[in-house]
Amino acid sequence: MSKGCGDPLLLDADSRPRSCHPLGREFFARPPRRVARELLGKVLLRVEDGEIRAGRIVETEAYLGANDAAAHSAAGKTARNAVLFGPPGYAYVYFIYGAHYCLNVSCEQEGKAGGVLFRALEPLIGMEAMARARKLMTHGAGGHFAGDLRLLTSGPGRLAAAFGITRLRDNGCDLTSPDSSLWIGEDDFAKATVKVGPRIGITKAAAHPLRFFLAGNRFVSGPKSWR
DNA sequence: ATATCGATTATCT
DNA sequence: GATAATCGATATG
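In what follows, the accompanying structure is described. None of these values were measured; they are calculated from a predicted model. (Residues numbered from 1 in each chain as written. Chains lettered and ligands numbered in written order. Predicted model: local features only at pLDDT ≥ 70, side-chain atom pairs only at ≥ 80, totals over all residues. Heavy atoms only, no water.)

Quick look at the overall build of chain A now. Secondary structure assignment for chain A yields 7 helices and 9 strands. Its C-alpha atoms give chain A a radius of gyration of 17 Å, near enough to 17 Å, the size a compact globule of 227 residues would have. Dimensions of chain A along its principal axes, counting C-alpha atoms only, are 50 × 40 × 35 Å. For chain A, with 227 residues in total, the buried portion stands at 50%. For chain A, the accessible area works out to roughly 10500 Å², and carbon and sulfur atoms hold 54% of it. One finds the centroid of the 31 positive side-chain charges in chain A at a distance of 8 Å from the centroid of its 22 negative side-chain charges. (Helix = DSSP H or I, 4+ residues; strand = E, 2+ residues; numbered from the N terminus. Rg over C-alpha atoms; globule rule 2.2 N^0.38 Å. Buried < 20%, exposed > 50% of the residue type's maximum accessible area, 1.4 Å probe, protein only. Areas by Shrake-Rupley, 256 points an atom, 1.4 Å probe, with all protein chains shown as cover. Lys, Arg positive; Asp, Glu negative; His and termini not counted. Charge placed at Lys NZ, Arg CZ, Asp CG, Glu CD.)

Before going further, it helps to spend a moment on the protein's contact with DNA strand C. Taken together, 19 residues are adjacent to DNA strand C, and Y94, H100, N104, R134 and R158 come closest. Protein-proximal atoms of DNA strand C, defined as those within 4 Å of the protein, fall in sugar or phosphate at a share of 51%. Within the side chain of Y63, an N or O atom sits 3.4 Å from a sugar or linking oxygen of DNA strand C. Between H100 and DNA strand C, the recorded distance is 2.9 Å, taken from a side-chain N or O atom to a base oxygen. Those elements that place two or more of their residues in the surface near DNA strand C are β4 (91-96), β5 (100-106), β6 (115-125) and α6 (156-162). (Near = heavy atom within 4 Å. Polar contact = N/O pair within 3.5 Å; in protein donor to acceptor, adjacent residues only side chain to side chain.)

Extensive coverage of strand β7 (residues 182-186) is indicated by the burial of 4 of its 5 residues. Two strands pair when backbone bridges link them, and strand β1 (residues 21-22) and β7 are joined in this way by 2 bridges, in the antiparallel orientation. The residue bridging P22 from the neighbouring strand is G185, located in β7. Inspection of the sheet shows strand β2 (residues 43-48) paired to β7 by 4 bridges, in the antiparallel sense. Its bridge partner lying in β7, V43 is registered against G185. (Pairing = 2+ DSSP bridges.)

What follows covers the side chain of R227. Following the sequence through the fold, R227 ends up in the segment after β9 (211-214). Among buried charged residues, R227 stands out as having no salt bridge; its nearest opposite-charge side chain is D148, 7.7 Å away. R227 has contacts with R150, K195, F213, A215, G216, N217, R218, V220 and G222, leaving out every residue within four places of it along the chain. (Salt bridge = Lys/Arg side-chain N within 4 Å of Asp/Glu carboxyl O. Contact = heavy atoms within 4.5 Å.)

Right, let's get into the packing of aromatic side chains. On inspection of all chains with the given rule, the structure shows 3 aromatic pairs. Centroid distance Y92 to Y94: 5.7 Å. Interplanar angle 35°. Geometry classified as tilted. In this pair, the class of Y92 matches that of Y94, namely buried. With a centroid separation of 4.9 Å and an interplanar angle of 45°, the aromatic rings of F95 and Y101 are classed as tilted. (Phe/Tyr/Trp six-rings, centres within 6.5 Å; stacked < 30°, edge-to-face > 60°.)

This brings us to the pattern of salt bridges. Evaluation of the coordinates by the stated rule reveals 17 salt bridges. Between R25 and D174 there is a salt bridge, with its nearest N and O atoms 3.0 Å apart. Taken as a pair, R25 in helix α1 (residues 25-28) and D174 in the loop between α7 (167-170) and β7 lie far apart in primary sequence, 149 residues in all. We classify R25 as partly exposed; its relative accessible area is 29%. A residue is classified by how much of its surface remains accessible, and D174, at 17% relative accessible area, is buried. A salt bridge links E108 to K112, with the nearest nitrogen and oxygen atoms 3.9 Å apart. With relative accessibility at 11%, the residue E108 sits in the buried group. Within this structure, E59, E61, R119 and R211 form a network of salt bridges that share partners.

Structure (structure tokens):
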């Protein structure tokens, strides 16, 4: 039983999230370790053609700029990773394994690299659109996704696909502005216990405990033994 | 339930 | 030319 399931966002007449307000730039202008931990329980929103997709952030990883061999920014600024060196609160989207996009948010002040990878969300709103974007809609289900909701947003590649995130569209997007198609909000969610462990899928600097997740949440990625 | 493996391409050496 | 902050399919216990 995951916490947060019965914590719906209230929507006003414009279908805009009412009880959810954007996180300010200063939230992200801090060390990635801190931002990664505090992002747990916050909400990622995609607003497109008046339609909303939203998910509770339940798993993140911190990447520490120059002091972290596993970070994309470790070897210095390039065209690909430039957003990580820019001002805080912007989307860094990269393409990996010839197949998947992954979403990060820039941290620290401009000039200092650092970021947080979004690893898993608990779906709140727009599961049908997420299933469509993931190409998981089954025939004859009457527009309702009947499969396991974990297939939508449990994993960095999956959540990016579910939210229609691509580098072309979203790299450099301001995640602190509700006028953006993609932004991060805060509601009255009471955060559950946070757990920490080593990051996933990396070879360099693999031992550091920089993966954060909500204890026992079923939407945390990977096998049960990781939750 | 856990393990292994192939796919596929942007980016960097 | 090698590598990668992943996923889904398949095999095996």
